[in-house]
Amino acid sequence: LLTSIAAPVPASQGTRRYKMVVRLRLQRFGQRHAPFYRLVAADSRSPRDGKFLEILGTYNPISVTEFERQQRLKRVELNIQRLKYWIAVGAQPTHTGAPGQKKDTH
C-alpha cells in the first residue's frame, strides 16, 4: 500500500481570511418626504441600502399617532441585546447609526 503524508498547512497559507469591518448604519426606506429607517449591522464596503448582516431596529421620524404629533415624538425600536452584542464584537456605529445620535432635521 502506498500512503502519502501531507504536511500541515500553516494558518497563514491556505484560505485567506479578511477582517470585515462591521458598521451600524441606517438604511433608508419609504417614499419621498416620508422616510423610514432600519438600523442594521452591515459590512462597511456594502452600499447604504445594500446587503446587511442583521436588522437591529427601526427609526420612524414621521409621527404616526395624534399623540406623537402633539408631543413631536419620533418612534425608535431597538433590539438592545443584539445591539450590545455587535458593539462588543467591534462593530463601529456610523455618525447617524449610533443610537441617540440621529440629528433632528425638523
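Residues numbered from 1 in each chain as written. Predicted model: local features only at pLDDT ≥ 70, side-chain atom pairs only at ≥ 80, totals over all residues. Heavy atoms only, no water.

Re the overall build of the protein chain
Within the protein chain, the regular secondary structure consists of two helices and five strands. The order of α-helices and β-strands along the protein chain, N terminus first, is β-β-β-α-β-α-β. Across the 106 residues that make up the protein chain, the buried fraction comes to 25%. Sequence separation of at least 24 residues holds for 34% of the intrachain contacts in the protein chain that already meet a minimum separation of 6. Summing over all exposed atoms, the protein chain offers an accessible surface of approximately 8,600 Å²; the carbon and sulfur share of this is 54%. (Helix = DSSP H or I, 4+ residues; strand = E, 2+ residues; numbered from the N terminus. Buried < 20%, exposed > 50% of the residue type's maximum accessible area, 1.4 Å probe, protein only. Contact = heavy atoms within 4.5 Å. Areas by Shrake-Rupley, 256 points an atom, 1.4 Å probe, with all protein chains shown as cover.)

Describing the confidence of the model for the protein chain
Considering every residue of the protein chain, the mean pLDDT works out to 77; 72% of them sit at 70 or more. The low-confidence segment residues 1-9, where pLDDT is below 50, has one contact with residues more than four positions distant or belonging to other chains. (pLDDT = per-residue confidence, 0-100.)

Here we look at the nonpolar core
By size, the foremost hydrophobic cluster in this structure holds eleven residues: Val 22, Leu 24, Leu 26, Tyr 37, Leu 39, Ala 41, Leu 56, Tyr 59, Leu 83, Trp 86 and Ala 91. Where this core is concerned, the elements lending two or more residues are β1 (22-31), β2 (34-43), β3 (54-60) and α2 (80-88). Ignoring anything within four residues of it in the chain, the contact list for Trp 86 reads Val 22, Leu 24, Ala 41, Leu 53, Glu 54, Leu 56 and Ala 91. (Core = buried A, V, L, I, M, F, W, Y, C linked by side-chain atoms within 4.5 Å.)

Things to note about a nonpolar patch on the surface
A cluster of nonpolar side chains, Val 76, Leu 78 and Ile 80, forms an exposed patch at the surface whose accessible area comes to about 230 Å². Counting through the fold element by element, Val 76 comes out in strand β4 (residues 75-78). (Patch = residues over 30% accessible without salt bridge, like charges linked within 9 Å, V, L, I, M, F, W, Y side chains within 5 Å. Salt bridge = Lys/Arg side-chain N within 4 Å of Asp/Glu carboxyl O.)

Observations concerning the sheet that holds β1
Backbone hydrogen bonds are what pair the strands of a sheet, in a parallel or an antiparallel way. If you walk across this open sheet you meet the five strands as β4-β3-β2-β1-β5, and the pairing is mixed. Of all strands in the sheet, those bounded by a partner on one side alone are β4 and β5 (92-93). Here β3 pairs with β4 via four bridges, running antiparallel. When the sheet's bridge partners are listed, Gly 57 is paired in β4 with Leu 78. The strands touched by α2 are β1, β2, β3 and β4; relative to β3, the strand with the most contacts, the crossing angle is about 120°. (Pairing = 2+ DSSP bridges. Axes fitted to C-alpha atoms, helices over the stretch in contact; angles between N-to-C directions.)

Observations regarding the side chain of Arg 25
Summarising the element assignment, Arg 25 is placed in strand β1. No salt bridge is formed by the buried Arg 25. Its closest oppositely charged neighbour is Asp 43, at 7.1 Å. Within the structure, Arg 25 has its side chain in polar contact with the backbone oxygen of Ser 44 (distance 3.5 Å). (Lys, Arg positive; Asp, Glu negative; His and termini not counted. Polar contact = N/O pair within 3.5 Å; in protein donor to acceptor, adjacent residues only side chain to side chain.)

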